[in-house]
Amino acid sequence: MAEQGRPEPLITPRAAAASASAGCTLAGAGAVTLAVLAGPGPGLTGYVSEAGIAGSGHAPMYRIGVYALAAGLLLLAAALLPALRAAAALLAAAGLGTALSGAVTCTAGCPLPPFERATVADLVHGGASIAATAAVIFAMVAIALSGRAGGQLRRLSAIAAAVALPLCAAVGLAMLLVGRGALVGVLERLVLAIAVLWGLAAAATVGLTGRWTSTDDVRL
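Below or above, wherever it landed, is the structure these notes cover. Since the structure is predicted, the reported quantities are computational estimates derived from the model, not experimental observations. Throughout this document, residue positions are counted from 1 along each chain, in the order its sequence is written. Local features in this predicted model are restricted to residues whose pLDDT is 70 or higher, and side-chain atom pairs enter the listing and the counts only when it is 80 or higher, whereas totals over whole chains, interfaces and linings include all residues. Side-chain calculation: all heavy atoms of the structure are included, whereas hydrogens and water are not.

### Here we look at the state of the cysteines
Working step 1: Disulfide assignment relies on a single distance test, namely cysteine sulfur atoms paired within 2.5 Å. Under the counting rule described, the total for this entry stands at one disulfide.
Working step 2: Residue C106 pairs covalently with C110 via a disulfide, S to S 1.8 Å. Take C106 and C110: they sit in the same class, and that class is buried. Whether a residue is buried, partly exposed or exposed follows from its accessible area with a 1.4 Å probe, protein chains only, as a fraction of its type maximum: under 20%, in between, or over 50%, in that order.

### Some thoughts on a nonpolar patch on the surface
Working step 1: Surface patches are drawn from residues lacking salt bridges whose relative accessible area is over 30%; two like charges belong together within 9 Å, two nonpolar side chains (Val, Leu, Ile, Met, Phe, Trp, Tyr) within 5 Å. Note on areas: Shrake-Rupley, 1.4 Å probe, and residue coverage restricted to the protein chains presented here. Note on definitions: salt bridges are taken to be side-chain nitrogens of Lys or Arg within 4 Å of carboxyl oxygens of Asp or Glu. Residues L173, L176, L177, V178 and L183 make up a contiguous nonpolar surface patch of roughly 530 Å² in combined accessible area.
Working step 2: The biggest single contributor to the nonpolar patch is helix α5 (residues 151-177), with three residues.
Working step 3: By the secondary structure assignment, V178 is in the loop between α5 and α6 (182-210). By the criteria applied, helices consist of DSSP H or I runs no shorter than four residues and strands consist of E runs no shorter than two, each listed in order from the N terminus.

### Quick look at the pattern of salt bridges
Working step 1: One pass over the full model with this rule turns up two salt bridges.
Working step 2: For E50, the salt bridge identified is with R180, shortest N-O distance 2.7 Å. Of this pair, E50 sits in the loop between α1 (13-38) and α2 (59-80) while R180 sits in the loop between α5 and α6; the two residues are 130 residues apart in sequence, bridging distant segments of the chain.
Working step 3: Exposure remark for R180: the relative accessible area of 31% places this residue in the partly exposed category.

### Focus: the nonpolar core
Working step 1: Note on terminology: a nonpolar core comprises buried Ala, Val, Leu, Ile, Met, Phe, Trp, Tyr and Cys residues joined through side-chain atoms within 4.5 Å. Counting 43 residues, the largest nonpolar core has L80, L84, L91, M140, I143 and W198 as the members making the most contacts within it.
Working step 2: Elements supplying a minimum of two residues to this core: α1, α2, α3 (85-103), α4 (120-145), α5 and α6.
Working step 3: For this core, the element with the highest residue contribution is α6, accounting for nine residues.
Working step 4: By size, the runner-up hydrophobic cluster in this structure holds eight residues, among which are A29, V48, A51 and V66.

### Side note on the side chain of H125
Working step 1: Mapped onto the elements, H125 comes out in helix α4.
Working step 2: In the analysis that follows, any N or O atom pair within 3.5 Å is treated as a polar contact, provided that within protein one partner can donate a hydrogen and the other can accept it, and provided that, for residues neighboring in sequence, both atoms belong to side chains. Here the side chain of H125 touches S101 through a polar contact of 2.8 Å, landing on its backbone oxygen.
Working step 3: A polar side-chain atom of H125 sits 2.9 Å from the main-chain carbonyl oxygen of V104.
Working step 4: Those residues in contact with H125, other than ones at most four positions away along the chain, are S49, Y62, S101, V104, T105 and C106. Two residues form a contact once any of their heavy atoms are found within 4.5 Å.

### Some remarks on the packing of α2 against α3
Working step 1: In the contact formed by α2 and α3, the axes pass within 8 Å of each other and the chain directions differ by 165 degrees. Relative to α3, the element α2 is oriented roughly antiparallel. Crossing hand, α2 versus α3: left-handed. Contacts between α2 and α3 involve R63, V66, Y67, L69, A70, L73, L74, L76, A77 and L80 on the former and, on the latter, A87, A88, L91, A92, A94, G95, L96, T98, A99, S101, G102 and A103. Axis lines are fitted through C-alpha atoms, for helices just across the contact stretch, and the angle between N-to-C directions can take any value from 0 to 180 degrees. Orientation categories follow fixed angle ranges, with anything under 35 degrees roughly parallel, anything over 145 roughly antiparallel, 65 to 115 roughly perpendicular, and all other angles oblique. Crossing handedness follows the turn of the near helix against the far one: under a right angle anticlockwise gives a left-handed crossing, and clockwise gives a right-handed one.

Shape descriptors only; they carry no functional weight alone.
Following this line, the structure appears as C-alpha cells:
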C-alpha cells in the first residue's frame, strides 16, 4: 500500500513518451552502427552517412536506423512538454532534420564544399544532418540553463554540452581547413556518440520522473 499523501505510481504520457524515445534511440543507434561497420565504406576516413548511399547493400538498415533516431528525438521532445518548451522545440527540429537526412541520401563519398564538388542532394543531406546535430546540442544547453529542469537533468545536459560544443567547433574547423579524412571522421563519430548517449540518458531521467506525477509543472 502506498504511503499516505504519496501519489500512486503512474505510467503517465510523459513517461511513456520518454520510454519509447529511449527504445527508438537505442534501436536506431544499433542499426546505424551495424550498417557502418558492415558496409564497404572507407572506415574512419569517411562519413557515417556513406553507409546510406543509394545502391549500398546496407542502405536500408542505415535508413531504418536514422528514422528510428528521428522518432526518438521527436518522442523526447514530446516528453519534455510543457515544462521545457525551448528544448522540446529544438529536439523536434532535430528530429525533422534527421528524418530529412535519411530521406535525401548523399552521393558516393558524401562530398561537401569547399574541397569537393557537391550535388544538390549532398548539400540537402549534409545541411539537414548538421542542423539536426546542432539542434540537439542547443537543446542540451537550453536544458542546462533552464530553471524548470531538475538538477539531475540539468547536470547531465551541462556535461554533455560542455563536451560536445568544442568537438562540434573542431569538426567545423577541420571540414573547412583540412577536409575529408580521419580527423573529421573520428570527430564526427564522437559528436554523434555524445548526442546518442545524452538522448538515452535524458529519456531515462525523464521517464523515471514521469512515473510519479502527471502534473504539468513537474521538475524533470
